[in-house]
Amino acid sequence: MEEASEATVGLRQALIDVAVDSWRFAKLFSKVIDKLDAAEAGRYVNQLRYFQKRLDETLKTTGVHLVSLEGLPYDPGMAASALNIGDYGSEEALFVEQMVEPILMGAEGVLKPGTMLLTNGTAK
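Not measured: the values here are computed from a predicted model. (Residues numbered from 1 in each chain as written. Predicted model: local features only at pLDDT ≥ 70, side-chain atom pairs only at ≥ 80, totals over all residues. Heavy atoms only, no water.)

## Here's the deal with the overall build of the protein
Keep this limit in mind: Only DSSP runs of H or I with at least four residues qualify as helices, and only runs of E with at least two residues qualify as strands; both kinds are numbered from the N terminus onward. Radius of gyration here uses only the C-alpha atoms, and the compact-globule reference equals 2.2 Å multiplied by the residue count raised to the power 0.38. Whether a residue is buried, partly exposed or exposed follows from its accessible area with a 1.4 Å probe, protein chains only, as a fraction of its type maximum: under 20%, in between, or over 50%, in that order. Note on contacts: a residue pair qualifies if any of its non-hydrogen atoms lie within 4.5 Å across the two residues. Where accessible areas are quoted, they stem from the Shrake-Rupley method and a 1.4 Å probe; at the residue level, only the protein chains shown are allowed to cover.
Assigned secondary structure in the protein consists of 2 helices and 6 strands. Going from the N terminus to the C terminus, the protein shows its helices and strands as α-α-β-β-β-β-β-β. Since a compact globule built from 124 residues should have a radius of gyration of about 14 Å, the 17 Å found for the protein marks it as more spread out than a globular shape. The principal-axis extents of the C-alpha atoms in the protein amount to approximately 55 × 45 × 15 Å. Counting all 124 residues of the protein, 27% fall into the buried class. Contacts spanning at least 24 positions in sequence make up 62% of the contacts within the protein whose residues lie at least 6 apart. A total accessible area of about 8300 Å² is found for the protein, and carbon and sulfur atoms account for 58% of it.

Below, the structure written as structure tokens:
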């Protein structure tokens, strides 16, 4: 019985790893699409949307979903660590500028915390 439990934990961790890597790949692919001309980009945008939809559907069947906090006001209690929190004062109003890694949630709560970059909204 213990072997089955270990196998389940191993499969879930593998799923989490593949989900995070797939999310990273989709973000990178999106940046590449942005560099293409509009006529050529359309086809790739549709393929990216399909890939993201399939990823979300597949994760949903296992009770897992990806969470991005991009654009939201920063709260120290978020399930993601801020890589650049030291760049800002404690009184500044901060926002999540970019998710470096998404948060993975399951029925039991946070499965894997995310990583993010913050901004105060002013140009650097």
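## A few points about the side chain of Glu101
As for its position among the elements, Glu101 is in strand 3 (residues 95–101). Once residues within four sequence positions are removed from consideration, Glu101 is found in contact with Val20, Trp23, Arg24, Lys112, Gly114 and Thr115.

## A short note on the pairing of strand 5 (residues 109–112)
Taken residue by residue, a regular strand's side chains alternate between the two faces of the sheet. To keep things clear, this is the line we draw: A pair of strands is treated as paired once DSSP finds two or more bridges between them.
Bridging between strand 4 (residues 103–106) and strand 5 involves 3 bridges; their strand directions are antiparallel. Bridge pairing in strand 5 links Met105 to Val110. The hairpin formed by strand 4 and strand 5 contains 2 residues between the paired strands.

## Re the confidence of the model for the protein
Low pLDDT means the predicted coordinates in that region are not meant to be read closely. Operational definition: pLDDT is defined as a per-residue confidence score from the predictor, taking values between 0 and 100.
Averaged over every residue, the pLDDT of the protein is 90; residues scoring 70 or more account for 95%. Element-level pLDDT for the protein is lowest in helix 1 (residues 2–34), with a mean of 88, against a maximum mean of 96 in strand 6 (residues 114–119).

## Some points on the nonpolar core
Test applied: By nonpolar core we mean a set of buried residues, namely Ala, Val, Leu, Ile, Met, Phe, Trp, Tyr and Cys, connected to one another through side-chain atoms within 4.5 Å.
Core analysis: the largest hydrophobic core is formed by 20 residues, its most contacted members being Leu66, Leu69, Val96, Met99, Leu104, Met116 and Leu118. At 4 residues, the largest contribution of residues to this core is made by helix 1.

## Notes on the packing of aromatic side chains
So the rule is basically this: Each Phe, Tyr or Trp ring, with Trp reduced to its six-membered ring, pairs with another whose centre is within 6.5 Å; inter-plane angles below 30 degrees give stacked pairs, above 60 give edge-to-face pairs, and intermediate values give tilted ones.
Scanning the entire structure with this criterion turns up 2 aromatic pairs. Ring geometry for Phe25 versus Phe29: centroids 6.0 Å apart, planes at 25°, classification stacked. Here Phe25 pairs with Phe29, and both are found in helix 1, just 4 residues apart, close to one helical turn. Judged by its relative accessible area of 25%, Phe29 falls in the partly exposed class. Measuring from ring centre to ring centre gives 6.4 Å for Phe29 and Tyr44, while their planes differ by 75°; the resulting arrangement is edge-to-face. Of this pair, Phe29 sits in helix 1 while Tyr44 sits in helix 2 (residues 38–61), and the two are 15 residues apart along the sequence. Joined through ring pairs, the aromatic side chains of Phe25, Phe29 and Tyr44 make up one cluster.

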